[in-house]
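# Coordinate analysis (summary)
Okay, here's what each chain looks like letter by letter:
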Amino acid sequence: MPTYTAPVKDLQFVLHDVLKVSTSDIPGYNELETEFTGAVLEEAGKLTGDILAPLNAVGDREGCSLENGIVHTPTGFKDAFEQVKAGGWPGLDMPEAYGGQNMPIVLGTAVGEMFSGANQAFTMYQGLTHGAASAILAHGTNAQKDKWLPKMVTCEWTGTMNLTEPHCGTDLGLMRTKAEPQNNGSYKISGQKIFISAGDHDMADNVVHLVLAKIPGGPKGIKGVSLFIVPKFKVDDAGVIGPRNGVSVGNIEKKMGIHGNSTCVMNYDESEGYLLGEKHKGMRAMFTMMNEARLGVGMQGLAAAEAAYQNAVIYAKDRLQGRDVTGIKNPEGPADPLIVHPDIRRSLMDQKSFTEGARALLLWGSQMIDAAHRKGDADADGLISLLTPVIKGFLTDEGYAMTVQAQQVYGGHGYIEEYGMSQFTRDARIAMIYEGANGVQALDLVGRKLGQDGGKHVLAFFELIKSFCKENNTDEALQDFVGPLKMASKDLQAAAMYFMEESVNNPNNALSGSYDFMHLFGHVCIGLMWSMMAKAASARLSSGALDSAFHKTKLATGKYYMARRLPATSMHLARIQSGASCVMALDSEEF
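In this text, all values refer to a predicted model and were calculated from it rather than measured experimentally. (Residues numbered from 1 in each chain as written. Predicted model: local features only at pLDDT ≥ 70, side-chain atom pairs only at ≥ 80, totals over all residues. Heavy atoms only, no water.)

## Concerning the overall build of the chain
Our working rule: Runs of E in the DSSP output that reach at least two residues are strands. Runs of H or I that reach at least four are helices, and both are numbered from the N terminus. Our radius of gyration looks at C-alpha atoms and nothing else; its globule reference is 2.2 Å times the residue count to the power 0.38. Only protein chains enter the accessibility calculation, which uses a 1.4 Å probe. A residue is then buried if its area is under 20% of the maximum for its type, exposed if over 50%, and partly exposed in between. The protein chains shown are the only cover counted for residues, whose accessible areas, like all others here, come from Shrake-Rupley with a 1.4 Å probe. Only four residue types enter the tally: Lys and Arg on the positive side, Asp and Glu on the negative side, with His and both chain ends excluded. By convention, charge coordinates are those of NZ in Lys, CZ in Arg, CG in Asp, or CD in Glu.
For the chain, the helix and strand inventory stands at 17 helices and eleven strands. Its C-alpha radius of gyration of 24 Å places the chain within 12% of the 25 Å reference for a compact globule of 591 residues. The dimensions of the chain, computed from C-alpha atoms along their principal axes, are 80 × 60 × 60 Å. Looking at the chain as a whole, 58% of its 591 residues qualify as buried. Of the roughly 24,300 Å² that the chain leaves accessible, carbon and sulfur atoms contribute 53%. Of the side-chain charges in the chain, 53 are positive and 66 negative, and the distance between the mean point of each set is 2 Å.

## Concerning empty space enclosed by the protein
The condition that has to hold: Using a grid of 1 Å spacing that covers the protein atoms alone, one calls a set of points a cavity when a 1.4 Å probe fits there but cannot get out, and a pocket when the set is open and has protein on both sides within 12 Å along at least five of seven lines; lining residues are those with an atom within 4 Å of a point. Grid points are joined across faces, edges and corners, and a volume is the space filled by probe spheres set on the points. Residue polarity is assigned by list, with Asp, Glu, Lys and Arg as charged and Ala, Val, Leu, Ile, Met, Phe, Trp, Tyr, Cys and Pro as nonpolar; anything else, Gly included, falls into the polar class.
Evaluated as defined, the whole model comprises three cavities of 30 Å³ or more. Here the largest cavity is characterised by a volume of approximately 80 Å³. Every residue along the wall of the largest cavity is listed here: Met1, Pro2, Thr3, Tyr4, Ala53, Asn56, Ala57, Gly117, Ala118, Gly420, Gln423 and Phe424. Listing elements by their share of the lining of the largest cavity, those giving two or more residues are α2 (34-62), α4 (105-118) and α10 (421-429). Per element, the largest residue contribution to the lining of the largest cavity is three residues, and it comes from α2. By residue class, the composition of the lining of the largest cavity is seven nonpolar, five polar and no charged. Here the second largest cavity is characterised by a volume of approximately 60 Å³. Lining the second largest cavity, in full, are Asn56, Ser116, Gly117, Ala118, Asn119, Gln120, Ala304, Ala307, Phe424 and Asp427. Looking at the lining of the second largest cavity, the elements that each hand over two or more residues are α4, α7 (282-318) and α10. For the lining of the second largest cavity, the leading source of residues is α4, giving three residues.

## A closer look at the packing of helix α12 (residues 456-472) against helix α13 (residues 479-502)
Inclusion rule: Angles here are taken between N-to-C directions and fall from 0 to 180 degrees, while the axes themselves are lines fitted to C-alpha atoms, restricted in helices to the stretch in contact. Oblique is the label for any angle not covered by the other classes, which are roughly parallel (under 35 degrees), roughly antiparallel (over 145) and roughly perpendicular (65 to 115). Note on convention: the crossing is left-handed when the near helix lies turned anticlockwise from the far helix by less than a right angle, right-handed when the turn is clockwise. In what follows, residue pairs with any heavy atoms lying within 4.5 Å of each other are defined as contacts.
Running from amino to carboxyl end, α12 crosses α13 at an angle of 155°, the nearest separation of the two axes being 10 Å. Relative to α13, α12 is oriented roughly antiparallel. For the crossing formed where α12 meets α13, the hand is left-handed. Listed contacts from α13 to Phe461, Phe462, Ile465, Phe468, Cys469 and Asn472 of α12 are Gln479, Val482, Leu485, Lys486, Ser489, Leu492, Gln493 and Ala496. Looking at the contact of α12 with α13 residue by residue, the class counts come to nine nonpolar, four polar and one charged.

## A look at the state of the cysteines
Formally: When two cysteine sulfur atoms are found within 2.5 Å, that pair is recorded as a disulfide.
Counted by the stated rule, this structure contains zero disulfides. There is no disulfide at Cys155, and the cysteine sulfur nearest it, in Cys64, is 16 Å away.

Here it is as structure tokens:
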């Protein structure tokens, strides 16, 4: 059975050596001293490694079941959920006023990676709740916050988001779920939603659904969509659970992965619901949850890749197969371990350089969110808005690819369920689809985010790279980083310029290149992260760091990414500049 070890040391390196959180001027960051974050991460690491990781295979094997209207989670999930709640982990970065600990999001992200890496399906129950609570926090009335948040922050009640219907996914303007206004200010919600993660289960006393629906007489299409709080059980003004609402589970989906999470068909039969935010402004409120979820899904791509990589390394060191072409390395055995072979090393270096770079990118993005929320930094808010589709799309595409590479290290055993590697691949696959399929993320990046605020934020990103390269151009230790980063950034700028020139007269030229642009952008982001990590590691080595092996390894891994992975930007640029003619060459009947 696969194992999982929380990457505490690497998280600490990024937090303190790269992002320097404890000396940041972001309110609350002064609490993030090395000893404090280390204690939090170590404790989370114990929980995830000892309790959640062993349940990962159990959840995959057993799945969830629906019996007489009750959804049962896999063996051990309920007890584990109680331990998670008892530790206060669901509310780590939520407001103290509602039972949270008010820690910065950057620390919540670090802990979240551990939870997801150990057991993605299990962690989704609290993850969806966090997103729903954030939407209520941002858009609810004071009375709604007081009523729903205290129990949701602690996960005594969990939450969901309900968007998709059988006939509409991305095009939510086609939805049919209706909300009929009542005399008492509530609404009667009627309709069906599908693909509802953590839609129902036996681990919480109530489930608070956030449901998109249309109020009759409102504007057509997406402009007529509103958001409603619809609980499984009604709750009175004192917070006491009452009778069952008109909410039921029609089915639990049989799916490729994340079997331990109950993905439900939800039926709403004149359910009592309460408007969240303004009428016909439901997407504005839902996007609070969706944007948080998209960063969380990007984290799932990283976490799955990290867990798969850890096990691939163990197998590569243990499995004897063939001899090293440069000389026998295991003379006492019948063969050398797999890890001596260059192609296995290539695969492992692909995985290692991706996971460490992606981890830095996620934490850097989380720091921007903290800067935006805690000190009103509009520039940070704009930059993370630009990078959200990149983080979601690129990290999940690459994360899935890395789980496949880890599986490949096992050879035939990687295809056998007993070894557990297929679960990482199957679980990671959904991250490329939900919370906006990655093709939609690419379209959002090119069609909306690139030109947002007159292109201010992408220009700020280019300037950030330019400044880094200028400041470190003469640093001998960073020459293997600054040069490649400059070249990759030029490719990104050339692609952006191409879109600007072509988007008006031939928008298909921009749209057909959007997916390559998302990946080009992602590689540049990881290249920047590796350059920043290399600078931090080099500084530690120059100051006589005790753990020199760690920092030397960090530099070697970064050099691999810059030399072997970052040059993909030129390929993506060539594809983008080829335009749409070859993409659109066939008539639909010719497919």
